[in-house]
Amino acid sequence: MNTIDIYTDGACKGNPGPGGWGVLLKAKDTQKELFGGELSTTNNRMEMMAVIEALSALKRPCHVKLHVDSQYVLKGMTEWLDGWKARGWKTASKQPVKNVDLWQRLDALVQGAGHKIEWRWVRGHDGDPGNERADELANRGVEQALRLR
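## Points about the pattern of salt bridges
Link 1 in the chain: Counting across every chain of the model gives 5 salt bridges.
Link 2 in the chain: Note that arginine 133 and glutamate 33 form a salt bridge whose closest N and O atoms lie 2.7 Å from each other. Within this pair, whereas arginine 133 is found in helix α4 (residues 129-147), its partner glutamate 33 is found in strand β3 (residues 30-41), the two being separated by 100 residues in sequence.
Link 3 in the chain: Residue class for arginine 133 comes out partly exposed when judged on its relative accessible area of 22%.

## A look at the sheet that holds strand β2 (residues 17-27)
Link 1 in the chain: With mixed pairing, the 5 strands of this open sheet are ordered in space as β3-β2-β1-β4-β5. This sheet does not close on itself; its edge strands, each paired only once, are β3 and β5 (116-121). For this sheet the average axis-to-axis angle between neighbouring strands, irrespective of direction, equals 20°.
Link 2 in the chain: By the bridge criterion, 10 bridges tie β2 to β3 in an arrangement that is antiparallel. By the bridge assignment for β3, glycine 19 is matched with glutamate 38.
Link 3 in the chain: Packing against the sheet, helix α2 (residues 71-86) makes contact with β4 (62-68) and β5, and its axis sits at approximately 140° to β5.

## Let's talk about helix α3 (residues 100-112)
Link 1 in the chain: Helix length check: α3 (13 residues) gives 18 Å between terminal C-alpha atoms against 18 Å at 1.5 Å per residue, within 8%.
Link 2 in the chain: Among all positions of α3, only Leu102, Trp103, Leu106, Asp107 and Val110 are buried. Looking down the long axis of α3, one finds its buried residues gathered within 135° of arc, a one-sided arrangement. Opposite the packed face of α3, turned more than 90 degrees from it, sit the exposed residues Gln111 and Gly112.
Link 3 in the chain: Contacts from the buried residues of α3 go to α1 (43-56), α2 and β5.
Link 4 in the chain: Phi turns positive one or two residues past the end of α3, at glycine 114, with a value near 80°.

Analysis parameters
- Residues numbered from 1 in each chain as written.
- Predicted model: local features only at pLDDT ≥ 70, side-chain atom pairs only at ≥ 80, totals over all residues.
- Heavy atoms only, no water.
- Salt bridge = Lys/Arg side-chain N within 4 Å of Asp/Glu carboxyl O.
- Helix = DSSP H or I, 4+ residues; strand = E, 2+ residues; numbered from the N terminus.
- Buried < 20%, exposed > 50% of the residue type's maximum accessible area, 1.4 Å probe, protein only.
- Pairing = 2+ DSSP bridges.
- Axes fitted to C-alpha atoms, helices over the stretch in contact; angles between N-to-C directions.
- Contact = heavy atoms within 4.5 Å.
- Expected span 1.5 Å × (residues − 1).
- Arc of directions from axis to C-beta.

So, in structure tokens, the structure goes:
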């Protein structure tokens with residue numbers, strides 16, 4: 001199983017507003033960059049889209065070291081998801097889970113692709129080169145979305 005380091009980030013100019021997501025994939029001597037955006041979205045949705053796009057780009061099961069600066073994504077996947085599913089996609093206070101469409105997509109990718117994922121939190125805007133590059137790519141995604149309107 002190949003090991004890959006993935007750095008993801010989301011950006012939003014206004015919340016909601018135009019947003020972007022960015023991904024840096026690093027394996028051995030190679031790296032790949034991905035980015036995209038939407039005109040009307042939220043920061044949390046872009047953080048999630050970055051992870052969805054990153055995992056979707058993998059062609060075979062990998063040992064993934066997934067670096068995120070979003071506590072929302074990290075806690076959602078490592079702490080909250082099982083409870084949401086057990087309650088029929090409701091929160092502990094019986095409210096519908098926000099961004100359920102993306103949580104379901106992300107859950108399916110994590111469960112169905114055969115990856116071994118290590119979720120790692122990294123402090124955003126704190127000098128981590130992988131996170132800084134993912135942030136730059138997310139901002140490129142915002143710019144791309146704005147040009148396409």
